[in-house]
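The primary structure of each chain is shown beneath.
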Amino acid sequence: MDKGAGNDSRHKEEDHHMDLGLAGRKAILIGAARGIGYAVAEVLAREGCDIALTARSEDSVKDAIASLSRYGTRIIGKPINAKQAEDYKAWIDWAVAELDGVDILVPFTSAGGGMGSEKYWYNAFETDVMGPVRAVEAVIETMTQQQRGSIVLIGTTSVAEAMGGPQPYNAMKASLVTWGKQLALWHGKNGIRVNVVSPGPIEFEGGNWDMIKGTMEKFYQSQLRQHPMGRLGRPDEVAKAIAFLASDAASWCNGSHLVVDGGFTNRTQF
């Protein structure tokens with residue numbers, strides 16, 4: 001028996017990291033105390049990143065920091081509301097200073113869905129559009145000085161296929177796909193990559209689909225039947241795709257729009 005082959009075939013249970021060369025990188029994650037955002041923070045911390053994270057709830061930020069600290073990297077954070085422009089920008093400036101730079105930015109700010117009055121449009125614009133815009137503007141100078149950086153914007157499958165009715169959420173998220181491409185073309189010369197990830201339906205405890213499952217069981221089951229894989233996605237399945245795009249392993253991905261939905265949408269792309 002070849003002992004070397006035997007050793008290669010053994011995989012340590014505890015070794016879940018993707019080895020993307022992220023050790024020592026500095027990441028700013030906005031809206032990362034739960035769901036996909038927290039899953040990204042966990043992947044990046046496991047990969048060796050120092051992280052500054054925020055969310056609106058002070059308790060959720062504290063809980064996330066306490067949980068992520070087990071990976072041995074530096075984890076900092078404070079609560080902030082992305083719609084409070086000056087405080088929000090000041091928080092990002094603080095995070096860059098505390099981390100002594102920024103290599104990765106992922107803004108998860110979102111107002112969610114809703115149809116009806118103009119307030120939904122204003123809320124979606126302030127949160128889903130201006131949240132990422134203000135974050136990018138706050139880090140782009142530092143990334144330019146460093147001549148490196150990776151920004152991953154978060155879209156939704158609703159930007160790729162008409163679904164869910166005429167909602168401001170869908171329209172505002174769609175604008176990020178165009179803006180992300182423009183950023184990628186404009187800042188590529190400075191070593192800054194910008195990509196967009198659009199998740200499909202993702203289920204986690206306390207999330208939208210968890211609530212739908214409890215309150216609209218028939219609709220939830222109909223969605224499962226429509227999904228090619230017979231289930232909804234998990235936060236970590238999107239998080240790993242985001243971590244890949246954020247890393248040097250994706251060094252030739254710039255201006256990309258990656259749909260991570262298990263085949264849920266019907267679109268084709270040539």
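Before reading on, note that the structure itself is shown above.
Quick summary incoming for the structure in this document. Remember, predicted model here, so these are calculated numbers, not experimental data.

Turning next to the nonpolar core. In terms of nonpolar packing, the biggest core is built from 39 residues, with Leu29, Leu44, Ile51, Leu53 and Ile242 touching the most fellow members. Within the residue set of this core, elements represented by two or more residues are strand S1 (26–30), helix H2 (35–46), strand S2 (50–54), helix H3 (58–68), strand S4 (104–107), strand S5 (149–154) and helix H9 (235–246). It is H2 that contributes the most residues to this core, eight residues altogether. Not counting residues up to four positions away in its chain, the partners in contact with Leu53 are Leu29, Ala32, Val61, Ala64, Ile65, Leu68, Ile75, Ile76, Gly77, Lys78 and Trp91. Ile28, Ile30, Ile92 and Met172 belong to the second-largest nonpolar core, a separate cluster that totals 34 residues.

The full count for this structure, using the stated rule, is 12 salt bridges. The partner of Glu42 in a salt bridge is Arg70, with the nearest N and O atoms 2.7 Å apart. Placement of the pair is Glu42 in helix H2 and Arg70 in the loop between H3 and strand S3 (75–77), with a sequence separation of 28 residues. Close ionic contact of Arg234 with Asp236 constitutes a salt bridge, the shortest N to O distance being 2.9 Å. The exposure class of Arg234 is partly exposed, given its relative accessible area of 40%. Where salt bridges share partners, they join Arg231, Arg234, Asp236, Glu237 and Lys240 into one cluster.

Under the criterion given, the structure shown has one aromatic pair. Summarising the aromatic geometry, the rings of Trp91 and Trp94 are spaced 6.0 Å apart at their centres and angled 50° between planes, so their arrangement reads as tilted. Taken together, the residues Trp91 and Trp94, both in helix H4 (residues 85–99) and three residues apart, mark about one turn of the helix. On the basis of relative accessibility, which here comes to 3%, the residue Trp91 falls in the buried class. Taking the ring centre of Trp94 as reference, the NZ or CZ of Lys78 above it sits at 4.2 Å. Directly above the ring of Trp186 sits Lys189, whose terminal nitrogen or CZ lies 5.4 Å from the centroid.

Conventions and cut-offs
Residues numbered from 1 in each chain as written. Predicted model: local features only at pLDDT ≥ 70, side-chain atom pairs only at ≥ 80, totals over all residues. Heavy atoms only, no water. Core = buried A, V, L, I, M, F, W, Y, C linked by side-chain atoms within 4.5 Å. Buried < 20%, exposed > 50% of the residue type's maximum accessible area, 1.4 Å probe, protein only. Helix = DSSP H or I, 4+ residues; strand = E, 2+ residues; numbered from the N terminus. Contact = heavy atoms within 4.5 Å. Salt bridge = Lys/Arg side-chain N within 4 Å of Asp/Glu carboxyl O. Phe/Tyr/Trp six-rings, centres within 6.5 Å; stacked < 30°, edge-to-face > 60°. Lys NZ or Arg CZ within 6 Å of the ring centre and 35° of its normal.

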